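# Structural characterization, general
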Amino acid sequence: MKQPKIAIVGMFLESNRYAAVVSKEKFHKTYGDNIIEDARSPSPKLLKEGQGFFEQMDAAGAWQPVPISMIIGGAGGPADDTFIREEIDKVRLALTSQLPLDGVYILNHGAMTTTEQGDPDGLLYETVKDAVGASIPIVTTIDLHANISQRMVDNANVIVAYRTDPHIDQFECGKEAADILLEILAGMQPVVRNIRVPIVPPNVSLLTDNGPYGDLIDYGQSKIDQEILNVSIVAGFAYGDTADNGLHIIVTSRNNAEAAQALCLQLAEMAWAMKERFLWDLVPIEQAVASAVASGIDHSTQPILLADLGDNIGAGGPGNTLWLIESLHQAGAQGVFIGSFFDPTLVALASDIGIGANFTAVFHGDTWERSDATFVAENAVVKYLHPGKFNITSGPLKGMLVNAGPMCLLDLGGIVVLVTSRRPIVWPDPALIESMGIGISSIRTLVLKCRSNYRAVFNAYFDTDRMIEVDTPGRTSPVLSRHDWTCIPRPSYPIDLEFDWQPSTG
Ligand SMILES: [Zn+2]
């Protein structure tokens, strides 16, 4: 066979409708050969699934990658609609100029919205299909927090979703996408069946090591065989608040509609039968703060980690809510390290006055549910100044370079805070913490503005039963009944608790 000519398109943003609009400038944009260079580099800055895809394609033999564009926004609010439409138009033009192509790989999150549209990912898939021609296979990888539209399913030949939360299998998913694309090029015909189950699970219930979601995914994976090619169970991203929210079962078979249909129905029934398991208890702030105070006093106990769920940066939290820092400070907790607080003004001031200076620190926080969005700490000391660039040294993103802008460590007396200036960071790398003179083993309470992904790194330092999910107010609170939803189809469990449902596939 001649060298397959495969286009690479990446578009990646998880949009929380309560978070600030993500402008053109906030996207990391890469075009052309730089995409190939990054995917084949030992420390890629783009997405791990791209690296996996390239590795597998390279291993399979000669091929011709056609890098189009890679637009990465991470997590935030809705994207600027004009920018996304322009980018999708650019993708269409670039693909058209490269015809004929043999296939397309789309790296996608799947939970983007724009200021005008609820399903720009679907528009991307549709545009790609239209540009390359209906007979050309399109394989995509998505986050399991994607909100799946029928337009996405109809315009991709195969959708491969992550299977882990915390996400540690992006590389493997990229490899799988390559294998599937090669199999299609060799003649295999994928047949897809999908069902939306009316469950919009709170994200805290979605860890895959154990719990209902992990059980469902594991069962789906146990059915992979000669007939069933891929089972993607996509729980979605509640805060997107789209007409496509729900728990989506997508089963792809090797040209066997009956097998795909049967398994899809079975998984949908299983998911619905276990819906009560997606209800989740969080720890009230007062209780979490009391645990932190106790941890600071009694060093014979294991340290604790507080996950600030109302300000989960990975879900679009602004990285600067004040509830926990304020409560811990008022309670006089000791041995606390707050892993990140986003406040450019405070960093600029600390940089001006320098290491060792003592001052009154004013933290500027999120206005969500607050009449006063500042928190004042007297006698704060600038402990460390850092230029802000660091490499991730452990966990699934190992090797990636982060630039959080100039940062400072402030000591509030028992509470040390890492303040960033360019953007919030989900968690500080352990090596970064140590490099700033803080021994991780000396931390009695670590506070992270993150829901689950930290576990892949901080499992090494904290016992699972000492990781506390704190019920803080905010734009990413997993208590879904507290938010106003405008687009999520109703009824959806557990926003609505009392209703019946029967699955059927189209
Ligand atoms: Zn995710």
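Note that the coordinates shown come from a computational prediction; the quantities given were computed from them, not determined experimentally. (Residues numbered from 1 in each chain as written. Predicted model: local features only at pLDDT ≥ 70, side-chain atom pairs only at ≥ 80, totals over all residues. Heavy atoms only, no water.)

### Re the pairing of strand E9 (residues 247–254)
Our working definition: Burial status follows relative accessibility: with a 1.4 Å probe on protein chains alone, a residue under 20% of its type maximum counts as buried, one over 50% as exposed, and anything between as partly exposed. Only DSSP runs of H or I covering at least 4 residues are called helices, and only runs of E covering at least 2 are called strands; the numbering of each starts at the N terminus. One bridge is not enough; two strands pair if DSSP finds at least two bridges between them.
Buried residues dominate E9, accounting for 7 of its 8 residues. Of the strand pairs in this sheet, strand E7 (residues 190–197) and E9 are connected by 8 bridges, and their pairing is antiparallel. By the bridge assignment for E9, valine 192 is matched with threonine 252. Summarising the sheet, strand E8 (residues 228–234) and E9 pair through 6 bridges and their orientation is antiparallel. For valine 234, the partnering residue across the bridge sits in E9 and is histidine 248.

### Remarks on the packing of aromatic side chains
The condition that has to hold: Note on ring pairs: Phe, Tyr and Trp rings are taken, using the six-membered ring of Trp, and paired if centres are within 6.5 Å. Classes follow the plane angle, with under 30 degrees stacked, over 60 edge-to-face and the rest tilted. Any Lys NZ or Arg CZ found within 6 Å of a ring centre and within 35 degrees of that ring's normal is scored as a charge over the ring.
Under the counting rule described, the total for this entry stands at 15 aromatic pairs. When the centroid spacing of 5.0 Å and the interplanar angle of 45 degrees are considered together, the rings of phenylalanine 27 and phenylalanine 83 count as tilted. One end of the pair, phenylalanine 27, is in the loop between strand E1 (5–15) and strand E2 (28–31); the other, phenylalanine 83, is in helix H3 (residues 81–97), with 56 residues separating them in the sequence. Judged by its relative accessible area of 4%, phenylalanine 27 is buried. Phenylalanine 83 gets classed as buried once you look at its relative accessible area, which sits at 1%. Residues phenylalanine 237 and tyrosine 239 carry aromatic rings whose centres are separated by 5.3 Å and whose planes lie at 70 degrees to one another, so their mutual orientation is edge-to-face. Both residues of the pair, phenylalanine 237 and tyrosine 239, belong to the buried class. Following the ring pairs from residue to residue traces out a cluster consisting of Phe53, Phe54, Trp63 and Tyr105. When the ring centre of tyrosine 493 is taken as reference, the NZ or CZ atom of lysine 275 above it lies at 5.7 Å.

### Structural notes on the coordination of the zinc ion
Note the following rule: Keep in mind that water is not among the atoms, so a site may look incomplete; donors are the N, O and S atoms within 2.8 Å of the metal, or 3.2 Å for Na, K and Ca. Geometry is assigned from donor-metal-donor angles: four donors are tetrahedral when every angle falls between 85 and 135 degrees, four are square planar and six octahedral when opposite donors sit over 155 degrees apart with all other angles between 65 and 115, and any other arrangement is irregular.
Protein-derived ligands of the zinc ion are Asp143 (OD), Asp143 (OD), His145 (ND1) and His167 (NE2), with the metal-ligand distances lying across 2.1 to 2.4 Å. Here the zinc ion is ringed by 4 donor atoms whose angles at the metal span 55 to 136 degrees, and the overall shape comes out irregular. Counting the intervening residues between successive donors of the zinc ion yields the motif D-x1-H-x21-H. Residue histidine 145 is located in the loop between strand E5 (138–142) and helix H5 (150–155), and its partner histidine 167 is located in the loop between strand E6 (158–161) and helix H6 (170–185); the two are separated by 22 residues in the primary sequence. Residues histidine 145 and histidine 167 agree in their burial class; the two are buried.

### Re the domain arrangement of the protein
How large an interface is tends to be reported as the accessible area lost when its parts come together. Note the threshold: Domain borders in the structure are assigned automatically or taken from a domain database. Note on definitions: a residue-residue contact is assigned when non-hydrogen atoms from the two residues lie within 4.5 Å. Accessible surface is computed with a 1.4 Å probe, and the buried area is the amount of it that two parts give up when combined, taken over both parts together. By convention in these notes, a salt bridge is any Lys or Arg side-chain nitrogen within 4 Å of a carboxyl oxygen on Asp or Glu. Whenever a nitrogen or oxygen atom comes within 3.5 Å of another N or O atom, the pair is scored as a polar contact, on the condition that within protein one atom can donate a hydrogen and the other can accept it, and that pairs from neighbouring residues in sequence are kept only if both atoms are in side chains. Side-chain classes follow a simple rule in which Ala, Val, Leu, Ile, Met, Phe, Trp, Tyr, Cys and Pro form the nonpolar group, Asp, Glu, Lys and Arg form the charged group, and the remainder, Gly included, forms the polar group.
Taken domain by domain, the protein comprises domain 1 (1–188), domain 2 (190–280 + 481–506) and domain 3 (283–477). If you average the C-alpha positions of domain 2 and of domain 3, the two centres end up 34 Å apart. Between domain 2 and domain 3, the residue contacts involve 8 residues of the former and 13 residues of the latter. Approximately 880 Å² of surface area, both sides summed, lies buried where domain 2 meets domain 3, with 50% of it carried by carbon and sulfur atoms. Remark: the boundary between domain 2 and domain 3 carries 1 salt bridge. The salt bridge partner of arginine 482 is aspartate 471, with a shortest N-O separation of 2.9 Å. On inspection of domain 2 and its partner domain 3, the count reaches 7 residue pairs in polar contact (both at pLDDT 80 or more). Of the residues that constitute the side of domain 2 that touches domain 3, the class distribution is 5 nonpolar, 2 polar and 1 charged.

### Concerning the side chain of histidine 145
Residue histidine 145 is classed as buried on the basis of its relative accessible area, which comes to 4%. A distance of 3.4 Å separates a polar atom in the side chain of histidine 145 from a polar atom in the side chain of aspartate 165. Separated by 3.3 Å, the side chains of histidine 145 and histidine 167 make a polar contact. Beyond its immediate chain neighbours, meaning those up to four positions away, histidine 145 contacts Glu14, His109, Ala111, Asp165, His167, Leu206, Gly236, Phe237 and Arg451.

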